[in-house]
Amino acid sequence: MSGHSKWNNIKRKKEKTDGQKAKIFTKLAREIAVAIKEGGSADPASNSRLKDCIAKAKAANVPNDNIDRVIKKFSGENNADNYEALTYEGYGPSGVAVIVETLTDNRNRTAGEMRHYFDKYGGNLGQSGCVSFMFNKKGVLVIEAEGLDEDQVMEDALEAGASDFAADEDVFEITTEPDDFSGVRDDLEAKGYSFVSAEVEMIPDVYTVIEDPDLCIKMEKLLDMLEDNDDVQNVWHNWERPEE
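How each quantity is defined
- Residues numbered from 1 in each chain as written.
- Predicted model: local features only at pLDDT ≥ 70, side-chain atom pairs only at ≥ 80, totals over all residues.
- Heavy atoms only, no water.
- Phe/Tyr/Trp six-rings, centres within 6.5 Å; stacked < 30°, edge-to-face > 60°.
- Buried < 20%, exposed > 50% of the residue type's maximum accessible area, 1.4 Å probe, protein only.
- Pairing = 2+ DSSP bridges.
- Helix = DSSP H or I, 4+ residues; strand = E, 2+ residues; numbered from the N terminus.
- Contact = heavy atoms within 4.5 Å.
- Axes fitted to C-alpha atoms, helices over the stretch in contact; angles between N-to-C directions.
- Polar contact = N/O pair within 3.5 Å; in protein donor to acceptor, adjacent residues only side chain to side chain.
- Expected span 1.5 Å × (residues − 1).
- Salt bridge = Lys/Arg side-chain N within 4 Å of Asp/Glu carboxyl O.

1. Let's talk about the packing of aromatic side chains
Within the structure shown, the criterion is met by 1 aromatic pair. Aromatic pair Phe165 and Phe172: ring centres 5.5 Å apart, planes at 35 degrees, arrangement tilted. Considered together, Phe165 and Phe172 belong to a single accessibility category, that of buried residues.

2. What about the sheet that holds strand β8 (residues 232–237)?
The strands making up a sheet associate through backbone hydrogen bonding, with each pair oriented either parallel or antiparallel. One open sheet holds the 4 strands; their spatial order is β3-β1-β2-β8, and the pairing between them is antiparallel. Across the chains shown, the open sheet's two edge strands, defined by having one partner strand only, are β3 (124–125) and β8. As judged from the 5 bridges shared by strand β2 (residues 97–104) and β8, these two strands associate in the antiparallel manner. When the bridges of β8 are listed, Val100 appears paired with Val235. Here helix α5 (residues 107–120) sits on the sheet in contact with β1 (84–91), β2, β3 and β8, set at roughly 20 degrees to β1.

3. Comments concerning the environment of Tyr91
Residue position: Tyr91 is located in strand β1. The class for Tyr91 is partly exposed, based on a relative accessible area of 25%. Between the C-alpha atom of Tyr91 and that of Gly122, which follows or precedes it by 31 residues, the distance is 8.7 Å. The contacts of Tyr91, once residues within four sequence positions are left out, are Val96, Ala97, Phe118, Gly123, Asn124, Cys130, Val131 and Met134. Within polar-contact distance, the side chain of Tyr91 engages the backbone oxygen of Cys130 at 3.1 Å.

4. As for helix α3 (residues 48–59)
In this model, α3 (12 residues) spans 17 Å end to end at C-alpha, consistent with the 16 Å of a helix rising 1.5 Å per residue. Taken together, the buried positions of α3 are Leu50, Cys53, Ile54, Ala55, Lys56, Ala57 and Ala59. Looking at where α3 begins, the residue whose side-chain oxygen comes 3.3 Å from the main-chain nitrogen of Arg49 is Asn47.

5. Brief notes about the side chain of Thr102
The topology assignment puts Thr102 in strand β2. The class for Thr102 is buried, based on a relative accessible area of 3%. Residues within four places of Thr102 in sequence aside, it is in contact with Glu84, Ala85, Leu86, Tyr88, Thr110, Asp231, Val232 and Gln233.

6. What about the environment of Val34?
Within the fold, Val34 resides in helix α2 (residues 21–39). Taking the relative accessible area as the measure of exposure, Val34 reaches 5% and is therefore buried. Considered as a pair, Val34 and Tyr83 are 49 residues apart in the sequence and their alpha carbons are 6.9 Å apart. Beyond its immediate sequence surroundings of up to four residues, Val34 is in contact with Gly39, Arg49, Tyr83 and Leu103.

7. Considerations on the pattern of salt bridges
Within this structure, the stated rule accounts for 13 salt bridges. One salt bridge connects Glu159 with Lys191, and the closest N-O pair in it is separated by 3.7 Å. With a gap of 32 residues between them, Glu159 in helix α6 (residues 150–160) and Lys191 in the loop between α7 (181–190) and β7 (197–204) connect regions that are remote in the sequence. Glu159 gets classed as exposed once you look at its relative accessible area, which sits at 56%. For Arg185, the salt bridge identified is with Asp186, shortest N-O distance 3.3 Å. On the basis of relative accessibility, which here comes to 1%, the residue Arg185 falls in the buried class. Residue classification places Asp186 among the partly exposed residues on the basis of a relative accessible area of 23%. Bridged by salt links that share partners, the residues Arg30, Asp105, Arg109 and Asp231 form one connected network.

8. Side note on unusual backbone geometry
Unusually for a residue other than glycine, Asn61 sits at a positive phi of about 65 degrees. Along the chain, Asn61 turns up in the loop between α3 and α4 (64–74). Overall, the relative accessible area of 48% leaves Asn61 in the partly exposed class. We note that Ser94 has phi near 60 degrees; this positive angle belongs to a residue other than glycine. Within the fold, Ser94 resides in the loop between β1 and β2.

So this is what it looks like as C-alpha coordinates:
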(Lines give C-alpha, C1' and ligand atoms only; values in the text may rest on other atoms or scores of the structure.)
Protein backbone atom coordinates (compact mmCIF):
# COMPACT_ATOMS: atom_id res chain seq x y z
CA MET A 1 0.00 0.00 0.00
CA SER A 2 1.96 2.98 -1.22
CA GLY A 3 1.01 6.28 -2.74
CA HIS A 4 -2.68 6.91 -3.21
CA SER A 5 -3.68 3.29 -2.66
CA LYS A 6 -2.42 3.19 0.90
CA TRP A 7 -5.09 5.40 2.43
CA ASN A 8 -7.88 3.82 0.42
CA ASN A 9 -6.96 0.41 1.81
CA ILE A 10 -6.67 1.77 5.34
CA LYS A 11 -9.98 3.60 4.89
CA ARG A 12 -11.66 0.39 3.80
CA LYS A 13 -10.30 -1.40 6.85
CA LYS A 14 -11.44 1.46 9.10
CA GLU A 15 -14.94 1.36 7.64
CA LYS A 16 -15.12 -2.35 8.39
CA THR A 17 -13.77 -1.67 11.86
CA ASP A 18 -16.46 0.92 12.52
CA GLY A 19 -19.12 -1.54 11.44
CA GLN A 20 -17.74 -4.51 13.38
CA LYS A 21 -16.51 -3.21 16.71
CA ALA A 22 -16.96 -6.50 18.56
CA LYS A 23 -15.03 -8.54 16.00
CA ILE A 24 -12.11 -6.14 15.73
CA PHE A 25 -11.89 -5.96 19.52
CA THR A 26 -11.75 -9.77 19.70
CA LYS A 27 -8.83 -9.76 17.26
CA LEU A 28 -6.99 -7.03 19.15
CA ALA A 29 -7.57 -8.84 22.45
CA ARG A 30 -5.91 -11.90 20.96
CA GLU A 31 -2.93 -9.79 19.85
CA ILE A 32 -2.65 -8.33 23.35
CA ALA A 33 -2.73 -11.81 24.89
CA VAL A 34 0.11 -12.99 22.65
CA ALA A 35 2.10 -9.79 23.26
CA ILE A 36 1.89 -10.32 27.04
CA LYS A 37 2.79 -13.99 26.76
CA GLU A 38 5.76 -13.48 24.44
CA GLY A 39 6.94 -10.24 26.03
CA GLY A 40 6.75 -11.67 29.53
CA SER A 41 5.17 -8.54 30.95
CA ALA A 42 1.80 -6.81 31.17
CA ASP A 43 3.53 -3.45 31.51
CA PRO A 44 3.72 -1.60 28.16
CA ALA A 45 6.68 0.40 29.47
CA SER A 46 8.80 -2.76 29.38
CA ASN A 47 6.94 -4.65 26.63
CA SER A 48 7.24 -2.82 23.31
CA ARG A 49 4.98 -5.26 21.46
CA LEU A 50 2.22 -4.74 23.99
CA LYS A 51 2.71 -0.99 23.69
CA ASP A 52 2.26 -1.26 19.91
CA CYS A 53 -0.91 -3.34 20.38
CA ILE A 54 -2.35 -0.74 22.73
CA ALA A 55 -1.63 2.04 20.22
CA LYS A 56 -3.30 0.01 17.48
CA ALA A 57 -6.36 -0.55 19.68
CA LYS A 58 -6.61 3.15 20.50
CA ALA A 59 -6.41 4.03 16.80
CA ALA A 60 -9.35 1.64 16.28
CA ASN A 61 -11.29 3.62 18.94
CA VAL A 62 -11.27 0.81 21.52
CA PRO A 63 -12.08 2.39 24.92
CA ASN A 64 -9.26 2.49 27.48
CA ASP A 65 -11.38 0.54 29.98
CA ASN A 66 -11.72 -2.33 27.51
CA ILE A 67 -7.98 -2.34 26.85
CA ASP A 68 -7.19 -2.36 30.57
CA ARG A 69 -9.66 -5.19 31.16
CA VAL A 70 -8.04 -7.36 28.50
CA ILE A 71 -4.54 -6.70 29.84
CA LYS A 72 -5.67 -7.63 33.34
CA LYS A 73 -7.37 -10.80 32.06
CA PHE A 74 -4.30 -12.09 30.24
CA SER A 75 -1.67 -10.97 32.75
CA GLY A 76 -2.49 -13.80 35.17
CA GLU A 77 -1.05 -17.29 35.14
CA ASN A 78 -4.44 -18.84 34.46
CA ASN A 79 -4.35 -17.82 30.80
CA ALA A 80 -4.76 -21.14 28.99
CA ASP A 81 -4.99 -19.75 25.47
CA ASN A 82 -2.16 -20.97 23.28
CA TYR A 83 -2.18 -18.96 20.07
CA GLU A 84 0.28 -19.61 17.27
CA ALA A 85 1.25 -16.98 14.70
CA LEU A 86 0.97 -18.36 11.16
CA THR A 87 1.25 -16.47 7.87
CA TYR A 88 -0.37 -17.64 4.63
CA GLU A 89 0.49 -16.39 1.16
CA GLY A 90 -1.36 -16.82 -2.10
CA TYR A 91 -2.93 -15.29 -5.16
CA GLY A 92 -6.41 -13.89 -5.60
CA PRO A 93 -8.23 -13.39 -8.93
CA SER A 94 -6.01 -12.02 -11.73
CA GLY A 95 -2.90 -12.85 -9.74
CA VAL A 96 -3.42 -10.35 -6.92
CA ALA A 97 -0.82 -11.04 -4.23
CA VAL A 98 -2.29 -11.69 -0.77
CA ILE A 99 -0.63 -12.15 2.63
CA VAL A 100 -2.77 -13.31 5.56
CA GLU A 101 -1.44 -13.04 9.12
CA THR A 102 -3.23 -15.22 11.67
CA LEU A 103 -3.19 -16.09 15.36
CA THR A 104 -4.73 -19.51 15.84
CA ASP A 105 -5.15 -22.22 18.46
CA ASN A 106 -5.85 -24.82 15.75
CA ARG A 107 -3.54 -24.69 12.72
CA ASN A 108 -5.41 -27.46 10.84
CA ARG A 109 -8.71 -25.57 11.08
CA THR A 110 -7.16 -22.30 10.01
CA ALA A 111 -5.20 -23.79 7.10
CA GLY A 112 -8.34 -25.52 5.82
CA GLU A 113 -10.37 -22.33 6.00
CA MET A 114 -7.69 -20.29 4.24
CA ARG A 115 -7.45 -22.83 1.42
CA HIS A 116 -11.23 -22.91 1.08
CA TYR A 117 -11.52 -19.13 0.80
CA PHE A 118 -8.83 -18.85 -1.88
CA ASP A 119 -10.28 -21.74 -3.89
CA LYS A 120 -13.86 -20.49 -3.63
CA TYR A 121 -13.09 -17.03 -5.03
CA GLY A 122 -10.79 -17.87 -7.90
CA GLY A 123 -7.43 -17.76 -6.19
CA ASN A 124 -4.98 -20.28 -4.83
CA LEU A 125 -3.00 -20.65 -1.64
CA GLY A 126 0.74 -20.80 -2.28
CA GLN A 127 3.93 -21.71 -0.47
CA SER A 128 5.57 -19.49 2.12
CA GLY A 129 7.47 -16.72 0.36
CA CYS A 130 5.54 -16.94 -2.91
CA VAL A 131 4.36 -13.31 -2.71
CA SER A 132 6.03 -11.74 0.34
CA PHE A 133 9.06 -10.76 -1.75
CA MET A 134 6.79 -8.19 -3.41
CA PHE A 135 6.14 -6.42 -0.10
CA ASN A 136 8.18 -4.28 2.30
CA LYS A 137 7.46 -3.98 6.01
CA LYS A 138 6.91 -0.34 7.02
CA GLY A 139 5.44 1.54 9.94
CA VAL A 140 2.43 3.59 8.82
CA LEU A 141 0.83 6.39 10.83
CA VAL A 142 -2.26 8.15 9.50
CA ILE A 143 -3.41 11.50 10.90
CA GLU A 144 -6.58 13.38 9.98
CA ALA A 145 -5.55 16.58 8.20
CA GLU A 146 -8.46 18.76 9.28
CA GLY A 147 -7.30 21.74 11.33
CA LEU A 148 -3.61 20.90 10.97
CA ASP A 149 -0.87 22.69 9.09
CA GLU A 150 0.75 20.33 6.57
CA ASP A 151 4.22 21.88 6.81
CA GLN A 152 4.18 21.68 10.61
CA VAL A 153 3.05 18.05 10.66
CA MET A 154 5.71 17.15 8.11
CA GLU A 155 8.39 18.92 10.11
CA ASP A 156 7.31 17.18 13.32
CA ALA A 157 7.20 13.78 11.61
CA LEU A 158 10.63 14.08 10.02
CA GLU A 159 12.15 15.41 13.25
CA ALA A 160 10.71 12.37 15.03
CA GLY A 161 12.54 10.08 12.62
CA ALA A 162 9.96 9.33 9.92
CA SER A 163 11.31 8.19 6.56
CA ASP A 164 8.53 9.65 4.42
CA PHE A 165 5.54 11.99 4.58
CA ALA A 166 2.62 12.41 2.19
CA ALA A 167 -0.65 14.36 2.07
CA ASP A 168 -3.39 12.12 0.68
CA GLU A 169 -7.02 13.24 0.38
CA ASP A 170 -8.02 14.34 3.90
CA VAL A 171 -5.17 12.70 5.81
CA PHE A 172 -1.43 12.84 6.32
CA GLU A 173 0.46 9.56 5.90
CA ILE A 174 3.70 9.12 7.80
CA THR A 175 5.97 6.19 6.94
CA THR A 176 8.76 4.81 9.12
CA GLU A 177 11.21 1.95 9.15
CA PRO A 178 9.81 -0.88 11.33
CA ASP A 179 12.40 -0.36 14.08
CA ASP A 180 11.63 3.37 14.20
CA PHE A 181 7.85 3.01 14.32
CA SER A 182 7.32 3.03 18.09
CA GLY A 183 9.67 5.96 18.65
CA VAL A 184 8.11 8.10 15.93
CA ARG A 185 4.60 7.31 17.18
CA ASP A 186 5.55 8.15 20.78
CA ASP A 187 7.16 11.44 19.75
CA LEU A 188 4.12 12.51 17.74
CA GLU A 189 1.74 11.47 20.53
CA ALA A 190 3.77 13.60 22.93
CA LYS A 191 3.17 16.55 20.60
CA GLY A 192 -0.58 15.99 20.78
CA TYR A 193 -1.24 14.06 17.57
CA SER A 194 -3.75 11.22 17.42
CA PHE A 195 -3.98 8.59 14.71
CA VAL A 196 -6.62 7.17 12.41
CA SER A 197 -4.37 4.16 11.96
CA ALA A 198 -1.05 3.21 13.58
CA GLU A 199 0.63 -0.10 12.83
CA VAL A 200 3.45 -1.85 11.01
CA GLU A 201 2.17 -2.95 7.60
CA MET A 202 3.24 -4.92 4.56
CA ILE A 203 3.40 -2.44 1.67
CA PRO A 204 3.60 -3.80 -1.91
CA ASP A 205 6.17 -2.65 -4.44
CA VAL A 206 3.76 -3.02 -7.38
CA TYR A 207 0.00 -3.18 -7.78
CA THR A 208 -2.40 -5.36 -9.76
CA VAL A 209 -5.49 -3.87 -11.40
CA ILE A 210 -8.41 -6.21 -12.12
CA GLU A 211 -10.24 -5.16 -15.28
CA ASP A 212 -13.08 -7.72 -15.14
CA PRO A 213 -15.93 -6.47 -12.88
CA ASP A 214 -16.90 -10.04 -11.96
CA LEU A 215 -13.37 -10.76 -10.78
CA CYS A 216 -13.40 -7.52 -8.81
CA ILE A 217 -16.46 -8.81 -6.97
CA LYS A 218 -14.70 -12.11 -6.28
CA MET A 219 -11.66 -10.29 -4.94
CA GLU A 220 -13.83 -8.16 -2.67
CA LYS A 221 -15.59 -11.27 -1.35
CA LEU A 222 -12.27 -13.02 -0.77
CA LEU A 223 -11.04 -10.07 1.33
CA ASP A 224 -14.32 -9.95 3.24
CA MET A 225 -14.15 -13.66 4.07
CA LEU A 226 -10.54 -13.43 5.18
CA GLU A 227 -11.04 -10.33 7.31
CA ASP A 228 -14.19 -11.72 8.94
CA ASN A 229 -12.39 -14.89 10.08
CA ASP A 230 -11.70 -14.79 13.81
CA ASP A 231 -8.19 -16.24 13.39
CA VAL A 232 -7.13 -13.59 10.85
CA GLN A 233 -5.33 -10.57 12.26
CA ASN A 234 -4.21 -8.78 9.10
CA VAL A 235 -4.70 -9.09 5.35
CA TRP A 236 -2.23 -7.36 3.03
CA HIS A 237 -2.62 -7.30 -0.75
CA ASN A 238 -1.55 -5.43 -3.88
CA TRP A 239 -4.97 -4.97 -5.46
CA GLU A 240 -5.57 -1.47 -6.77
CA ARG A 241 -9.30 -0.94 -7.09
CA PRO A 242 -10.63 0.62 -10.32
CA GLU A 243 -11.94 3.71 -8.55
CA GLU A 244 -8.49 4.45 -7.19
